[in-house]
Amino acid sequence: MMLVKNIMTNDPITISPDVTIMEAEKMLSINKIGRLLVEKNGKIIGMLTDGDIIAEKDLDASVSEFMSDDLIVINEKSTVQQAAKKLSDNHIGGLPVFNDRKELVGIVTSEDIVYGYLKDEEEEMEMEKKTITPESSAIYLSMTRSRDYEEYWLKKIEGYGYRGAITQTGASAEKLPIKLRESTTVAAIARGVISENSREKMAVSNAVKDAYSQLDLVNPGLGGGFKIAVVRGDGHISVAIFGKFGHALVDGPEQLTVGTSVI
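All of these numbers come straight from a predicted model, not from anything done at the bench.

Q: Mind showing me how you'd approach the sheet that holds strand β4 (residues 43–49) here?
A: What holds strands together in a sheet is hydrogen bonding between their backbones, with the strands either parallel or antiparallel. The sheet built from 3 strands is open, its strands ordered β2-β3-β4 with mixed pairing. Two strands close off the open sheet at either side, each with one partner strand: β2 (14–15) and β4. Bridge analysis of β2 against strand β3 (residues 35–40) gives 2 bridges, and the strand direction is parallel. Bridge pairing links T14 to L37 in β3. Sheet strands touched by helix α2 (residues 21–31): β2, β3 and β4. Its angle to β3, the strand with the most contacts, is close to 130°.

Q: Would you mind showing me how to read helix α8 (residues 176–190) here?
A: It helps to recall that an α-helix has 3.6 residues per turn; residues three or four apart then point in one direction. Relative to the 21 Å expected for 15 residues at 1.5 Å per residue, α8 spans 21 Å between its end C-alpha atoms, a close match to the ideal helical length. For α8, the full list of buried residues reads L176, L180, S183, T184, T185, A187 and A188. Positive phi shows up at G192, right after α8, with a value of about 75°.

Q: Explanation requested: the UniProt feature "domain: CBS" (unreviewed entry) in the protein chain in the structure shown.
A: According to UniProt, the positions carrying the feature "domain: CBS" (unreviewed entry) are residues 8–65 and 67–124. Annotated as residues 8–65, this span is 26% helix and 29% strand, and its ends, taken at the C-alpha atoms, are 27 Å apart.

Q: Help me understand the layout of surface pockets, please; the structure alone is not making it clear to me.
A: Where empty space is left becomes clear once a probe the size of a water molecule has been rolled over the atoms. For the largest pocket, the calculated volume is near 220 Å³. Together, 14 residues line the largest pocket, and T9, I33, R35, I107 and T109 are the ones closest to its centre. Elements that contribute at least two residues to the lining of the largest pocket include exactly β3 and β7 (104–109). A per-class count over the lining of the largest pocket returns 6 nonpolar, 4 polar and 4 charged. Empty space within the second largest pocket amounts to approximately 170 Å³.

Q: How should the environment of K43 be read in this particular structure?
A: Inspection of the secondary structure puts K43 in strand β4. Judged by its relative accessible area of 57%, K43 is exposed. C-alpha separation for the pair K43 and Y152, spaced 109 residues apart in sequence, amounts to 53 Å.

Rules of the game
- Residues numbered from 1 in each chain as written.
- Predicted model: local features only at pLDDT ≥ 70, side-chain atom pairs only at ≥ 80, totals over all residues.
- Heavy atoms only, no water.
- Pairing = 2+ DSSP bridges.
- Helix = DSSP H or I, 4+ residues; strand = E, 2+ residues; numbered from the N terminus.
- Contact = heavy atoms within 4.5 Å.
- Axes fitted to C-alpha atoms, helices over the stretch in contact; angles between N-to-C directions.
- Expected span 1.5 Å × (residues − 1).
- Buried < 20%, exposed > 50% of the residue type's maximum accessible area, 1.4 Å probe, protein only.
- UniProt positions renumbered as here; feature names shortened; annotations may be inferred.
- 1 Å grid on protein atoms, 1.4 Å probe; cavity = no way out; pocket = protein on both sides within 12 Å on 5 of 7 lines; lining within 4 Å.
- Points joined across faces, edges and corners; volume = space filled by probe spheres on them.
- Nonpolar A, V, L, I, M, F, W, Y, C, P; charged D, E, K, R; others polar.

Right, here's the structure in full:
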């Protein structure tokens, strides 16, 4: 979880309460910021924002007349979520940040919070992507039990930068290898996982062959009904086949296999 110290602006600019509005405006403009912390005798006593002085005509007036002295602060070890709540609850745009020794170490603004949330999501996605591979994505997709969950995983897969498709097929033992290859290739083309060139279709075919060979090794001579997921990512294709073997007399156990091929 991201902390305030990870997103705050270090060494915030401070001014004296005796500084004039004209000088404060210059500091805000030059530094391209929206707020200044007011410091006296080494202690933060207030905050001045551009909104506090936007309509002020007396440019020689002192900052102390317009600053907010009811300071709401936060510790650098607080979470971004805690900072966001303080800003929202108090209808303010910035918080002075202090360490455990009560020393000023930074300032965190609503803009920093937005950046923090985005960065947190990006880092979480990168961490997930290290564990959610094309192979595992294909497995999760093939084992979905409803159309809604299929769509959920297809969108999630796209979020990782992969492309995925899912289809179903059933056939006798003699026709199963062909049906698996045909339905997977058609679904992959339809969802934009591959294009209609022979090299990419061959990559899908090889991945299906890899997965089917495992099925046939466990239950030779049986047909069945299966869901097949195909996911493209990181220069290769992954296929997961999930379903139940069977024949005219008996249904077999559910089986899951995975095949891969370079594309």
